[in-house]
Amino acid sequence: MNKNPARFDSIDALRALAMLWMTAYHFCFDLNHLGWLHQNFFQDPFWTVQRTLIVSLFLLCAGLGQSVALAQGQGWPRFWRRWAQVAGCALAVSAGSYLMFPNSFIYFGVLHGLAVMLVLARLSAGWGRWLWPAGALALAAAWAAPMLHQAWPALSVLDGPALNWLGLIGHKPVTEDYVPVLPWLGVMWWGLAVGQWLMRAQPAWLTRPLPLWGRRLAPLGRISLSWYMLHQPVLLGALMAWRWAFGH
């Protein structure tokens, strides 16, 4: 097992792009929360599509990262250490969001979903090419779920908090962030499949030199979890300090 696995700047730079996009999105969300913007982040396609693309890019990078880790011989102990960090941060997000949004706190957001999906991706990494149809089925299942709920009302049990983390819902729950296993596991499976193909057939694509902007972004992509946890408190704190200082 390689105790010091190599990092690929190409994946880290791609993850950094997702982080910067997410930060810009959340900055606008915070402006809206403080009343300086008047946008519908939950229904306006301009915002909902952006959120979908940001989460997709994050999970695609997570799948790529898993493929590289497995190819470099990452064992279960190292995997569980990283997983514990993700799971612990997910609990912290739930606690923090409950203080701010007690009626719509985050109980299964992107970090909660990531913690579950990382385990599932690890266990299914040996599926090889079957990851492609598995990913398509994951996306199709979530897309078909509302129609199935209409046909079989008994499926409403899947809308409850105990099971809606699966994603087979008829109605989206009231929460500030919701990233269920389905359909998002399909995106991670596709990222895992792409990474396995690259490592096997096109490894030069991962190691080719990046342009200057990519090399500068790559270090940011290596601290994604810390950035995710800190960027919102920093943004909100700065905006609230501005409002206090200037009376807006």
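Scroll up a little and you will see the structure.
Here is what the cut-offs are and how they apply
- Residues numbered from 1 in each chain as written.
- Predicted model: local features only at pLDDT ≥ 70, side-chain atom pairs only at ≥ 80, totals over all residues.
- Heavy atoms only, no water.
- Salt bridge = Lys/Arg side-chain N within 4 Å of Asp/Glu carboxyl O.
- Helix = DSSP H or I, 4+ residues; strand = E, 2+ residues; numbered from the N terminus.
- Expected span 1.5 Å × (residues − 1).
- Buried < 20%, exposed > 50% of the residue type's maximum accessible area, 1.4 Å probe, protein only.
- Contact = heavy atoms within 4.5 Å.
- Phe/Tyr/Trp six-rings, centres within 6.5 Å; stacked < 30°, edge-to-face > 60°.
- Lys NZ or Arg CZ within 6 Å of the ring centre and 35° of its normal.

Enquirer: Report on the pattern of salt bridges, specifying residues and quantitative values.
Expert: Two side chains that carry opposite charge are able to pair once their charged atoms sit near each other. One pass over the full model with this rule turns up five salt bridges. The salt bridge partner of Arg222 is Asp9, with a shortest N-O separation of 2.3 Å. Taken together, the positions of Arg222 in the loop between helix H8 (212-221) and helix H9 (224-246) and Asp9 in helix H1 (residues 9-33) put the pair 213 residues apart, joining distant regions of the chain. Ionic pairing is found between Asp12 and Arg222, a salt bridge with its closest N-O pair at 3.0 Å. Note that Asp12 is positioned in helix H1 and Arg222 in the loop between H8 and H9, a separation of 210 residues in sequence. What emerges from the salt-bridge pattern is a single network uniting Arg7, Asp9, Asp12, Arg15 and Arg222.

Enquirer: Account for helix H4 (residues 110-124), with residues named and values stated.
Expert: Counted at 1.5 Å a residue, the expected span for H4 with its 15 residues is 21 Å, and the 20 Å between its end C-alpha atoms agrees. For H4, the buried fraction is high: 12 of the 15 residues fall into the buried class. Listed in full, the buried residues belonging to H4 are Val110, Leu111, His112, Gly113, Leu114, Ala115, Met117, Leu118, Val119, Ala121, Arg122 and Ser124. Those residues of H4 that are buried are in contact with helix H2 (45-71), helix H3 (76-100), helix H5 (131-151), helix H6 (181-201) and H9.

Enquirer: With reference to specific residues and values, describe the packing of aromatic side chains.
Expert: As enumerated under the stated definition, the model contains 16 aromatic pairs in all. Consider the rings of Phe79 and Trp80, whose centres lie 5.2 Å apart with planes at 75°: the pair is edge-to-face. On the basis of relative accessibility, which here comes to 38%, the residue Trp80 falls in the partly exposed class. Between the aromatic rings of Phe108 and Trp165, the centroid separation amounts to 6.0 Å while the plane-to-plane angle is 45°, which identifies the pairing as tilted. Highlighted residues: Phe108 in the loop between H3 and H4 and Trp165 in the loop between H5 and H6, separated in sequence by 57 residues. Using a relative accessible area of 9% as the deciding quantity, one classes Phe108 as buried. An aromatic cluster is present here, built from Tyr25, Phe29, Phe41, Phe46 and Trp47 joined pairwise through their rings. Arg122 extends its terminal NZ or CZ atom over the ring of Trp76, reaching a point 4.6 Å from the ring centre.

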